[in-house]
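# Structural description and commentary
Chain by chain, the residues:
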Amino acid sequence: MLTRRFLLAAAAASMIAPAATAQDMPFFFATEGAAMAGYDVVSYFDADAPIEGKSEHAVVWRGAKWQFATAKNREAFERDPRAFAPQFGGYCAYAMAHGSLTGSDPMAWQVVGGRLYMTHSLEVERMWRTDSAEYIRMAEAHWPGILHNK
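Residue numbering note: each chain is counted from 1, following its sequence as written. Where local features are concerned, this predicted model is filtered to residues with pLDDT of at least 70; where side-chain atom pairs are given and counted, the filter is 80 or more; whole-chain, interface and lining totals use all residues. To get the side-chain values, all heavy atoms of the structure are used, and hydrogens and water are removed first.

## A short note on the overall build of the protein
Going by this rule: In this text, helices come from DSSP runs of H or I with a minimum length of four residues, and strands from runs of E with a minimum of two, each type numbered from the N-terminal end. Categorising residues by exposure relies on relative accessible area from a 1.4 Å probe, with only protein chains included: less than 20% of the type maximum marks a residue as buried, more than 50% marks it as exposed, and the intermediate range marks it as partly exposed. By definition in these notes, contact holds between two residues if any of their heavy atoms fall within 4.5 Å. What sets the accessible areas is the Shrake-Rupley method with a 1.4 Å probe; for residues, cover comes only from the shown protein chains.
Check the secondary structure of the protein and you find 8 helices and 8 strands. Burial analysis of the protein (150 residues in total) assigns 47% to the buried set. Excluding contacts between residues fewer than 6 apart, the proportion of contacts in the protein whose partners are at least 24 apart in sequence is 60%. When the accessible area of the protein is evaluated, it comes to approximately 7800 Å², of which 53% is carbon and sulfur surface.

Dropping the structure here:
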């Protein structure tokens, strides 16, 4: 008998674009030349909505370019980047829970337990929020090995 969770997972998988091979995937998901598509990762923790970063406040960390709206946010990140960097490299946490690598939308996110989690879309984010603690547990079983196992 099909469970509701299985049906939700199957529906989400059909909406998520096919994943590229893991060998092609950097540790942090980046679009438009920057991690978080250029959004200020610190702003996810202290604003109602993410704020776009500026190239004049950029820093490179772990092979990715991170942009910030202000020098103050850049400095906060430089003091403790792991406190602000998204979990699972900024890839979709819901897809990661199901063993897939998929990009994320900078507007589809949630902070859980002081950690930032990204999802592929607002629709996937709604599914993610139904049981984010369980999805985090499932995703942790795949990360970071998934980058090298495909």
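## Notes on the side chain of serine 104
Cut-off, in case you're wondering: N or O atoms within 3.5 Å of each other form a polar contact, as long as, within protein, one can give a hydrogen and the other can take it, and as long as residues adjacent in sequence are counted only when both atoms are side-chain atoms.
Relative to the assigned elements, serine 104 resides in the loop between helix 5 (93–97) and strand 7 (109–112). In this structure the side chain of serine 104 is engaged in a polar contact, spanning 2.6 Å, whose partner is the backbone oxygen of glycine 90. Apart from the residues lying within four places of it in its own chain, the contact partners of serine 104 are Phe29, Gly90, Tyr91, Cys92, Met118, Thr119 and His120.

## A look at the packing of aromatic side chains
Here is the rule we go by: Within 6.5 Å between ring centres, the rings of Phe, Tyr and Trp (the latter by its six-membered ring) count as paired, and their orientation is classed by plane angle as stacked under 30 degrees, edge-to-face over 60, tilted in between. Placement of a positive charge over a ring is assigned whenever Lys NZ or Arg CZ falls within 6 Å of the ring centre and within 35 degrees of the normal to the ring plane.
Applying the stated criterion across every chain yields a total of 17 aromatic pairs. On the numbers, 5.0 Å between centres and 80 degrees between planes, the contact of phenylalanine 28 with tryptophan 66 is edge-to-face. With phenylalanine 28 in the loop between helix 1 (4–15) and strand 1 (30–31) and tryptophan 66 in strand 6 (residues 64–68), this residue pair connects regions lying 38 residues apart in the sequence. Judged on exposure class, the residue phenylalanine 28 and its partner tryptophan 66 are both buried. Residues tryptophan 61 and phenylalanine 77 carry aromatic rings whose centres are separated by 5.6 Å and whose planes lie at 90 degrees to one another, so their mutual orientation is edge-to-face. You can see tryptophan 61 sitting in strand 5 (residues 54–61) and its partner phenylalanine 77 sitting in helix 3 (residues 71–79), a full 16 residues away along the chain. What makes phenylalanine 77 buried here is its relative accessible area of 1%. In this structure, arginine 62 packs its charged tip against the face of phenylalanine 27, placed 4.2 Å from the ring centre. For the cation-ring pair, arginine 62 lies above tryptophan 61, with the distance from its terminal atom to the ring centre recorded as 6.0 Å.

The values reported here are purely geometric and, on their own, carry no functional implication.
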